[in-house]
Amino acid sequence: MSVEGNLTIHGVTRKVRFAVEGPTPPAKDPWGNTRVAISAITKINRKDFGLTWNAALETGGILVGDEATITLEVEFVKA
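Residues numbered from 1 in each chain as written. Predicted model: local features only at pLDDT ≥ 70, side-chain atom pairs only at ≥ 80, totals over all residues. Heavy atoms only, no water.

Q: Got a sec to walk through the nonpolar core? Specific residues and values, please.
A: In this structure, Leu 7, Val 16, Phe 18, Val 20, Ala 40, Ile 44 and Phe 49 together form the largest nonpolar core, which totals seven residues. At the level of elements, strand S2 (12-21) and strand S4 (34-45) are the ones that each hand at least two residues to this core. Here the element with the most residues in this core is S2; it accounts for three residues. When sequence neighbours within four positions are dropped, the list of residues in contact with Ala 40 reads Phe 18, Ala 19, Val 20, Ile 70, Thr 71 and Leu 72. (Core = buried A, V, L, I, M, F, W, Y, C linked by side-chain atoms within 4.5 Å. Buried < 20%, exposed > 50% of the residue type's maximum accessible area, 1.4 Å probe, protein only. Helix = DSSP H or I, 4+ residues; strand = E, 2+ residues; numbered from the N terminus. Contact = heavy atoms within 4.5 Å.)

Q: Residues and numbers for unusual backbone geometry, please.
A: The general pattern is negative phi for most residues beyond glycine and trans for most peptide bonds. In this structure, the amide linkage connecting Gly 22 to the following residue, Pro 23, adopts the cis form with an omega of 10°. With respect to the element layout, Pro 23 can be found in the loop between S2 and strand S3 (27-28).

Q: Describe the side chain of Thr 42, with residues and values.
A: Residue position: Thr 42 is located in strand S4. Overall, Thr 42 belongs to the buried group, its relative accessible area being 9%. A distance of 2.9 Å separates a polar side-chain atom of Thr 42 from the backbone oxygen of Arg 17. (Polar contact = N/O pair within 3.5 Å; in protein donor to acceptor, adjacent residues only side chain to side chain.)

Q: I'd like to hear about the side chain of Asp 29, residue by residue, with values.
A: Tracing the backbone shows Asp 29 in the loop between S3 and S4. On the basis of relative accessibility, which here comes to 12%, the residue Asp 29 falls in the buried class. Side-chain polar atoms of Asp 29 contact the side chain of Arg 35, separated by 2.6 Å.

Following this line, the structure appears as structure tokens:
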């Protein structure tokens, strides 16, 4: 399953799609609340959001890569 939405970073908004795992089966926590959880992941190019700062390393590489992975671990509590 996937979820698509707008992500704003540094004042720049782009549409992103998260690959979603879950939800988990409902479970009771120690306080009697019912909880479910999901995990979601996506990759973005930071330059697409105007994040262009970088620095050359003495060994010849660069300090920051262009690709960034965003991982969400979310729990929901039934009201």
